[in-house]
Amino acid sequence: MSISVMIPTFRRPEGLRVAVQSVLAQSHRPDEIIIVDNSPEASARAIAANANAVARCPVTYVHEPRPGVSNARNAGFAAASGRFIALLDDDEVASVDWLKALMDTARTLEADVVFGPLRAEVSAPASLPGQLATRLYSRTGPATDTLLEEPFGSGNSLIDREAFNLPDQPFDPALNQIGGEDDAFFALLAAQGARFGWSARAKAVEVVGEARTNWSHLLSRSFAFGQGATQNCARADAVNRAGIAFWMAVGLGQILVFAPLALLSLPLRRSFAVKALDKAVQGAGKVFWFKGLEPKFYGQSGTGAAQDAGSAAA
């Protein structure tokens, strides 16, 4: 069964270099590595060429000059030849048995999609923004392999393409700038009867740079995570008005409960205050989910700096 590892990248040369090195060091060799360069100036071309010179499998460089997270992922899917596609972001570092663990779990659980844990690595983990960044960019799950009722985000995941009928553009271009394209993608797979699995041993580290540990970015990210739940119910192809009302009510409850708790607990329990703040801001996202209010992390909005990567469920 052929496996393609896909790494989309946007102006993160050092992160991409480390991510590729972690794939080259895998105990289970992939059949190919796809590097999708989403920068208009093709800044990752040299890194891909260097990797191809030393890799024990083909390294395919794909230049998708139209900035946008969906554009990049769609270009990678179009170029990949493997039945299985393993997704790794350009700020993630895979453990040496990462790919083997994903594949073992897919076989054992007969899962069509498999997710693994992510541990956020931040420069100042004890600070308040560092604690919030760790919370937002880490992914935890069961201690053992198991089937899941709900999917996670695309970073550190494995997809069996033969299990689904995928459109030519499986990731929605309308979400190029705001993200959430992976949530919509996995909702599409769920509608086709996907079996989601968790691989406890498929570990990876997400390196969170300083640009993503300032309060403005972190609160925008938390707000966007919250928006996702309501927005998924408001998709034009399948509007779920009851779901919209439910998530807006949940969001209002989160604001009323967790905003005061965040303020009251800050002097005594900083870790709890960070958790409460995250829940309150995500609650605001669930309430104020409307078009035009989405923070923009990708596409044209990201051409001045490295784009954000990663997505989490609220």
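Residues numbered from 1 in each chain as written. Predicted model: local features only at pLDDT ≥ 70, side-chain atom pairs only at ≥ 80, totals over all residues. Heavy atoms only, no water.

(A) The arrangement of unusual backbone geometry in detail. Its identity is not glycine, yet Arg 11 carries a phi of approximately 55 degrees, on the positive side. With respect to the secondary-structure elements, Arg 11 resides in the loop between strand E1 (3-9) and helix H1 (13-24). Take Arg 11: its relative accessible area is 26%, and that puts it in the partly exposed class. Not every positive phi belongs to a glycine, and Glu 110 is a case in point at roughly 55 degrees. Its place among the elements puts Glu 110 in the loop between helix H4 (98-109) and strand E6 (113-115). Overall, Glu 110 belongs to the exposed group, its relative accessible area being 59%. (Helix = DSSP H or I, 4+ residues; strand = E, 2+ residues; numbered from the N terminus. Buried < 20%, exposed > 50% of the residue type's maximum accessible area, 1.4 Å probe, protein only.)

(B) View of the sheet that holds strand E5 (residues 92-94). With mixed pairing, three strands are arranged side by side in an open sheet as E5-E11-E7. Each end of this open sheet is capped by a strand with a single partner; those strands are E5 and strand E7 (118-121). Each adjacent strand pair in this sheet contributes to an overall mean axis angle of 25 degrees, direction not counted. Both E7 and strand E11 (residues 204-207) contribute to a ladder of four bridges, which runs parallel. (Pairing = 2+ DSSP bridges. Axes fitted to C-alpha atoms, helices over the stretch in contact; angles between N-to-C directions.)

(C) Up close: the pattern of salt bridges. Summed over all chains, the structure comprises 15 salt bridges. The closest approach of N and O atoms between Arg 12 and Asp 90, which form a salt bridge, is 2.8 Å. Of this pair, Arg 12 sits in the loop between E1 and H1 while Asp 90 sits in the loop between strand E4 (84-87) and E5, and the two are 78 residues apart along the sequence. Each member of the pair, Arg 12 as well as Asp 90, is classed as buried. (Salt bridge = Lys/Arg side-chain N within 4 Å of Asp/Glu carboxyl O.)

(D) Summary view of the packing of helix H7 (residues 215-233) against helix H8 (residues 241-265). For the pair H7 and H8, interaxial distance at closest approach is 7 Å and the crossing angle is 160 degrees. It follows from the interaxial angle that H7 and H8 lie roughly antiparallel. The handedness of the crossing between H7 and H8 is left-handed. Packed against H7, whose contacting residues are Ala 229, Thr 230 and Cys 233, the element H8 presents Gly 243, Ile 244, Trp 247 and Met 248 at the interface. The residue inventory of the contact of H7 with H8, partitioned by class, reads five nonpolar, two polar and no charged. (Parallel < 35°, antiparallel > 145°, perpendicular 65-115°, else oblique. Left-handed = near helix turned anticlockwise from the far one by under 90°. Contact = heavy atoms within 4.5 Å. Nonpolar A, V, L, I, M, F, W, Y, C, P; charged D, E, K, R; others polar.)

(E) Representation of the environment of Phe 223 in the model. Topologically, Phe 223 is positioned in helix H7. On the basis of relative accessibility, which here comes to 18%, the residue Phe 223 falls in the buried class. Sequence-wise, Phe 223 and Arg 212 are eleven residues apart; in three dimensions their C-alpha atoms are separated by 14 Å. For Phe 223, the residues in contact, after removing those within four places along its chain, are Val 281, Ala 284, Gly 285, Phe 288, Leu 293 and Pro 295.

(F) Region of the structure containing the side chain of Ser 199. Along the polypeptide, Ser 199 turns up in the loop between strand E10 (196-198) and E11. Within the structure, Ser 199 has its side chain in polar contact with the backbone oxygen of Ala 101 (distance 3.2 Å). Setting aside residues up to four positions removed in sequence, Ser 199 forms contacts with Ala 101, Leu 102, Thr 105, Val 114, Phe 115, Gly 116, Pro 117 and Asp 145. (Polar contact = N/O pair within 3.5 Å; in protein donor to acceptor, adjacent residues only side chain to side chain.)

(G) Structural detail: the confidence of the model for the chain. For the chain, per-residue confidence averages 91 on the pLDDT scale, and 94% of positions sit at 70 or higher. In this model residues 302-306 is a low-confidence stretch, pLDDT under 50, and it forms 13 contacts with partners more than four residues away in sequence or in other chains. (pLDDT = per-residue confidence, 0-100.)

(H) Highlighting the sheet that holds E1. Pairing is mixed in the open sheet, where eight strands are placed in the order E3-E2-E1-E4-E9-E6-E10-E8. Here the strands that pair on one side only, and so sit at the sheet edges, are strand E3 (59-63) and strand E8 (146-148). Averaged over all pairs of adjacent strands, the angle between strand axes in this sheet comes to 25 degrees, irrespective of strand direction. Bridging between strand E2 (residues 32-37) and E3 involves five bridges; their strand directions are parallel. Bridging from a neighbouring strand, Asp 37 pairs with His 63 of E3. Most of the contacts of helix H3 (residues 69-79) go to E2, to which it runs at about 150 degrees, and overall it touches E1, E2, E3, E4 and strand E9 (157-160).

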